Amino acid sequence: MGETTGARGARKWNVNRIPDQTGRTAVITGANSGLGLVTAEALARAGAHVVFAVRDEARGGAAAARVAGSTEVRRLDLADLDSVRAFAAGWDRPLDLLINNAGVMMLPQERTAQGFERQFGTNHLGHFALTNLLLPHLTDRVVTLASTAHRWGDQRISFEDVNLRGRYTPTRAYAQSKLANLLFTLELQRRLTEAGSGVRALAAHPGYAATNLQSHHASPLARIGMAVANRVVAQSDRAGALPTLFAATQDLPGAAYVGPDGLGEFRGAPTLVARSAAASDPEAARRLWTLSEELTGVEWKAGGGNG
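Residues numbered from 1 in each chain as written. Predicted model: local features only at pLDDT ≥ 70, side-chain atom pairs only at ≥ 80, totals over all residues. Heavy atoms only, no water.

Peer 1: I'd like a description of the overall build of the protein, backed by residues and values.
Peer 2: Looking only at helices and strands, one finds ten helices and eight strands in the protein. Counting every position in the protein, which comprises 307 residues, the buried fraction comes to 58%. Here the analysis covers contacts within the protein between residues at least 6 apart in sequence; of these, 71% occur between residues at least 24 apart. Total accessible area computed for the protein in this model is approximately 12100 Å², and 52% of it derives from carbon and sulfur atoms. (Helix = DSSP H or I, 4+ residues; strand = E, 2+ residues; numbered from the N terminus. Buried < 20%, exposed > 50% of the residue type's maximum accessible area, 1.4 Å probe, protein only. Contact = heavy atoms within 4.5 Å. Areas by Shrake-Rupley, 256 points an atom, 1.4 Å probe, with all protein chains shown as cover.)

Peer 1: Mind laying out the packing of helix α6 (residues 170–194) against helix α10 (residues 282–296), listing which residues take part and the relevant values?
Peer 2: As a packed pair, α6 and α10 sit with axes 8 Å apart at the nearest point and diverge in direction by 95°. Viewed along their axes, α6 and α10 adopt a mutual orientation that is roughly perpendicular. Along the contact surface, α6 presents Ala180, Leu183, Phe184, Leu186, Glu187, Leu188, Arg190 and Arg191, while α10 presents Pro282, Ala284, Ala285, Arg286, Leu288, Trp289 and Glu293. Split by residue class, the contact of α6 with α10 holds ten nonpolar, no polar and five charged. (Axes fitted to C-alpha atoms, helices over the stretch in contact; angles between N-to-C directions. Parallel < 35°, antiparallel > 145°, perpendicular 65-115°, else oblique. Nonpolar A, V, L, I, M, F, W, Y, C, P; charged D, E, K, R; others polar.)

Peer 1: Could you give an account of the sheet that holds strand β4 (residues 95–100), naming the residues involved and the relevant values?
Peer 2: Reading across from one edge, β3-β2-β1-β4-β5-β6-β7-β8 is the order of the eight strands in this open sheet, with mixed pairing throughout. Looking at strand neighbours, the two that pair on one side only are β3 (70–75) and β8 (270–272), the edges of this open sheet. Strand-to-strand, the axes of this sheet are offset by a mean angle of 25°, without reference to chain direction. When strand β1 (residues 25–29) meets strand β2 (residues 49–54), the two strands line up parallel, connected through five bridges. Counted as the bridge partner of Thr29 is Ala53 from β2. Against the sheet, helix α3 (residues 57–65) engages β2 and β3, with an angle of about 170° to β3. (Pairing = 2+ DSSP bridges.)

Peer 1: Could you give an account of the packing of helix α5 (residues 118–134) against α6, naming the residues involved and the relevant values?
Peer 2: The interhelical angle for the contact between α5 and α6, taken along N-to-C directions, is 20°, at an axis separation of 7 Å. Overall, the two elements α5 and α6 adopt an arrangement that is roughly parallel. When α5 is examined against α6, the residues Gln119, Phe120, Asn123, His124, His127, Phe128, Thr131 and Asn132 are found in contact with a partner set consisting of Pro170, Ala173, Tyr174, Gln176, Ser177, Lys178, Ala180, Asn181, Phe184 and Leu188. Of the residues that constitute the contact of α5 with α6, the class distribution is eight nonpolar, nine polar and one charged.

Peer 1: Let's hear about the pairing of β1: which residues, and what values?
Peer 2: Counted residue by residue, β1 has five buried out of five residues, so it is predominantly covered. Because side chains alternate across β1, one face comprises the buried residues Thr25, Val27 and Thr29, and the other comprises Ala26 and Ile28, equally buried. At this point the chain moves from β1, through helix α2 (residues 34–45), to the parallel β2, and the crossover so formed is right-handed. Sheet topology note: the β1/β4 ladder contains three bridges and is parallel. Of the residues in β4, the one forming a bridge with Ile28 is Ile99. (Right-handed = clockwise from strand over helix to strand, strands pointing away.)

Peer 1: Describe helix α9 (residues 242–249), naming the residues involved and giving the relevant values.
Peer 2: With respect to burial, α9 is a largely interior element, eight of its eight residues being buried. Taken together, the buried positions of α9 are occupied by Leu242, Pro243, Thr244, Leu245, Phe246, Ala247, Ala248 and Thr249.

Peer 1: How would you summarise the packing of aromatic side chains if you had to cite specific residues and measurements?
Peer 2: By the definition in use, this model includes seven aromatic pairs. Between the aromatic rings of Trp13 and Phe246, the centroid separation amounts to 5.2 Å while the plane-to-plane angle is 85°, which identifies the pairing as edge-to-face. Remark: Phe246 occurs in helix α9 and Trp13 occurs in the loop between α1 (7–10) and β1; sequence separation between them is 233 residues. Of the two residues examined, Trp13 and Phe246, each falls in the buried class. Between the aromatic rings of Phe184 and Trp289, the centroid separation amounts to 5.8 Å while the plane-to-plane angle is 20°, which identifies the pairing as stacked. On the criterion of sequence distance, the pair formed by Phe184 in helix α6 and Trp289 in helix α10 is long-range, its members being 105 residues apart. Comparing Phe184 with Trp289, the two get one shared label, buried. Chaining the aromatic ring pairs together yields one cluster made of Phe128, Phe184, Trp289 and Trp300. When the ring centre of Trp91 is taken as reference, the NZ or CZ atom of Arg93 above it lies at 4.3 Å. (Phe/Tyr/Trp six-rings, centres within 6.5 Å; stacked < 30°, edge-to-face > 60°. Lys NZ or Arg CZ within 6 Å of the ring centre and 35° of its normal.)

Written out as structure tokens, the structure is:
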């Protein structure tokens with residue numbers, strides 16, 4: 001759906017160019033604040049019915065009440081696979097768009113309900129399970145939020161221990177989770193294409209956008225530095241949401257990756273951007289998929305259905 005937009009058009013692209021979304025349904029994880037809320041506002045304004053998939057239904061309801069358009073709120077805790085399964089089990093109608101937006105960033109070492117390192121468990125495993133369980137209902141596309149952080153550090157998935165026992169640092173764990181988001185998108189698109197599905201998997205990153213994510217860094221000094229950078233360097237959350245909206249509404253190829261067009265991809269208008277070599281490795285993508293199936297208990301079935 002949407003117009004085909006080349007690099008020149010992408011530099012000028014803004015929310016006013018979102019095609020009419022009337023009749024479409026979108027699920028957005030973490031839609032109660034930050035980039036998720038801005039994305040929800042824009043899609044609802046364009047006519048979509050937007051489902052706020054959030055941990056706190058009261059906060060989600062308060063946010064949805066401020067959005068002009070058709071909305072609903074459903075509980076979803078991506079750090080608990082039981083909650084993911086319950087959300088998916090309660091879904092019984094076609095779904096045009098799934099935006100895997102929610103995430104945690106550079107936290108102290110914590111665990112999910114099932115005992116996984118929390119950044120990998122929330123940012124990747126929760127969305128992996130949710131996407132696969134909702135695929136039988138999906139009609140158009142999945143957009144997963146990644147980050148330039150996928151290029152940080154050793155740029156690899158620690159397949160021998162994704163929980164990073166004895167090697168945990170907030171930045172290493174975050175970078176691993178964002179690399180996983182891109183490898184997931186790559187392998188999901190390969191499987192969709194092989195199955196003959198018309199559903200597309202895409203990824204997007206916001207550049208450096210001022211949101212509440214930075215306020216949760218494990219280091220107090222880093223929190224102070226990020227607070228300053230949010231005021232001086234970062235673009236607004238509205239600008240940061242544009243790559244997601246571009247990926248969600250424009251006619252782009254499967255596995256496309258969208259980010260800002262400015263220097264270092266920190267800020268700017270949305271355009272197609274490149275992944276690292278590590279995020280383009282099909283063998284690593286397949287290996288991660290197999291491991292994710294084992295860890296979540298959610299398996300792919302040819303054609304998009306899942307058990």
